[in-house]
Amino acid sequence: MNVTPDFDLQPTLIGERISLRPLQAGDFAPLYAAASDPAIWEQHPEPLRYQRAVFAGFFASALASGGALVAIDNQSGAVIGSSRYYDWNPDAREVTIGYTFLARSHWGGTSNREMKQLMLGHAFLFAKAVWFHIGRDNRRSRRAMEKIGGQLSHEARVEANGVAHDYAFYRIEAPQ
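Residues numbered from 1 in each chain as written. Predicted model: local features only at pLDDT ≥ 70, side-chain atom pairs only at ≥ 80, totals over all residues. Heavy atoms only, no water.

Enquirer: Lay out the layout of surface pockets in plain terms, naming residues and giving numbers.
Expert: Reported here for the largest pocket is a volume of approximately 1300 Å³. His44, Tyr99, Thr100, Asn138 and Ser141 are the residues nearest the centre of the largest pocket, which is lined by 44 residues in total. Residue classes in the lining of the largest pocket are distributed as 20 nonpolar, 15 polar and 9 charged. (1 Å grid on protein atoms, 1.4 Å probe; cavity = no way out; pocket = protein on both sides within 12 Å on 5 of 7 lines; lining within 4 Å. Points joined across faces, edges and corners; volume = space filled by probe spheres on them. Nonpolar A, V, L, I, M, F, W, Y, C, P; charged D, E, K, R; others polar.)

This is the structure in structure tokens:
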């Protein structure tokens, strides 16, 4: 009998430049400071997430998810973004990584790649495949996903809170 271990959805992961740790209620102010730039959300299905009231809903759902992580710049100690694990399927041994954003100060460098590498490394301790759901028109995130080896599986319309958005679904298989 092959028993799949329980997935630790909120690990602490330490990389060379960034670290990820479980999101806590006290992280609202520094995380909102990182998220309050409208340019971060301009290609996102929820482009108003830079507004405090909209972000507060995002933050509450992140806390409630039990899988949210906050990203910290190791050099400065500043909160620079977040991501989360969700939709863990122990039977299929698949999980999704998403709700990811980084402050613009960390765009175009190695932060996104390192964040994804840390999260994928942890995920592949438990999962055979990792999914990413990216807004169909979010070209920046789709390019970044393809740079780290994500393969486009399909596109679909997803409804959340009564609003439908178009998403691209990418998949990365565990290394053999």
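Past the structure itself, the notes keep going.
Enquirer: Break down the sheet that holds strand 4 (residues 79–89) for me, with residues and values.
Expert: Here 8 strands make up an open sheet; going across it, the order is 1-2-3-4-5-6-8-7 and the pairing mixed. With one partner strand each, in any of the chains shown, strand 1 (13–14) and strand 7 (151–160) form the two edges of the open sheet. By the bridge criterion, 2 bridges tie strand 1 to strand 2 (residues 18–22) in an arrangement that is antiparallel. Paired with leucine 13 across the two strands is leucine 20, which belongs to strand 2. Relative to the sheet, helix 1 (residues 28–35) contacts strand 3 (68–73), strand 4 and strand 5 (94–102), its axis offset from that of strand 4 by approximately 100°. Here helix 3 (residues 52–65) sits on the sheet in contact with strand 3, strand 4 and strand 5, set at roughly 50° to strand 4. (Pairing = 2+ DSSP bridges. Helix = DSSP H or I, 4+ residues; strand = E, 2+ residues; numbered from the N terminus. Contact = heavy atoms within 4.5 Å. Axes fitted to C-alpha atoms, helices over the stretch in contact; angles between N-to-C directions.)

Enquirer: Explain the pairing of strand 8 (residues 163–173) residue by residue, including any values.
Expert: Strand direction decides the pairing type here: strand 6 (residues 129–135) and strand 8, joined by 7 bridges, are antiparallel. Within strand 8, the position partnered with phenylalanine 132 by the bridge is tyrosine 170. Bridge count for strand 7 against strand 8 is 9 bridges, and the pairing is antiparallel. Residue pairing in the sheet places histidine 154 in a bridge with phenylalanine 169 of strand 8.

Enquirer: Can you break down the nonpolar core residue by residue, with the values?
Expert: By size, the foremost hydrophobic cluster in this structure holds 26 residues, and its most contacted members are Leu20, Tyr85, Met119 and Phe132. Residue assignment for this core shows that the elements contributing at least two residues are strand 2, strand 3, strand 4, strand 5, helix 4 (111–123), strand 6 and strand 8. In this view, leucine 20 contacts Pro11, Thr12, Leu13, Leu69, Val70, Ala71, Met115, Leu118 and Met119; residues no more than four positions away in its chain are not counted. In terms of nonpolar packing, the next biggest core, distinct from the first, is built from 18 residues, Leu23, Leu31, Ala35 and Val70 among them. (Core = buried A, V, L, I, M, F, W, Y, C linked by side-chain atoms within 4.5 Å. Buried < 20%, exposed > 50% of the residue type's maximum accessible area, 1.4 Å probe, protein only.)

Enquirer: Give me the lowdown on a positive patch on the surface, citing residues and values where you can.
Expert: On the surface, a cluster of positive charge is contributed by Arg113, Arg139, Arg143 and Lys147. No other element matches the 3 residues that helix 5 (residues 139–147) contributes to the positive patch. (Patch = residues over 30% accessible without salt bridge, like charges linked within 9 Å, V, L, I, M, F, W, Y side chains within 5 Å. Areas by Shrake-Rupley, 256 points an atom, 1.4 Å probe, with all protein chains shown as cover. Salt bridge = Lys/Arg side-chain N within 4 Å of Asp/Glu carboxyl O. Lys, Arg positive; Asp, Glu negative; His and termini not counted. Charge placed at Lys NZ, Arg CZ, Asp CG, Glu CD.)

Enquirer: Any chance you could break down the packing of aromatic side chains for me, citing the residues and the numbers?
Expert: The tally for this structure, following the rule as stated, stands at 15 aromatic pairs. Ring centres of phenylalanine 28 and phenylalanine 59 lie 5.2 Å apart, and the angle between their planes is 90°; this geometry places the pair in the edge-to-face category. Here phenylalanine 28, found in helix 1, pairs with phenylalanine 59, found in helix 3; they are 31 residues apart in sequence, far enough to count as distant. When its relative accessible area of 15% is taken as the criterion, phenylalanine 28 is described as buried. On the basis of an interplanar angle of 50° and a centroid distance of 5.5 Å, the ring pair of tyrosine 32 and phenylalanine 55 is categorised as tilted. Of this pair, tyrosine 32 sits in helix 1 while phenylalanine 55 sits in helix 3, and the two are 23 residues apart along the sequence. The two residues tyrosine 32 and phenylalanine 55 agree in class, both being buried. Ring-pair connections join several aromatic residues into one group, and the members of that group are Phe28, Tyr32, Trp41, Phe55, Phe58, Phe59, Tyr86, Tyr99 and Phe101. Here arginine 52 stacks its cationic end above the ring of tyrosine 32, 5.5 Å away from the centre of that ring. (Phe/Tyr/Trp six-rings, centres within 6.5 Å; stacked < 30°, edge-to-face > 60°. Lys NZ or Arg CZ within 6 Å of the ring centre and 35° of its normal.)

In short, the description is geometric, and any link to function would need to be established separately.
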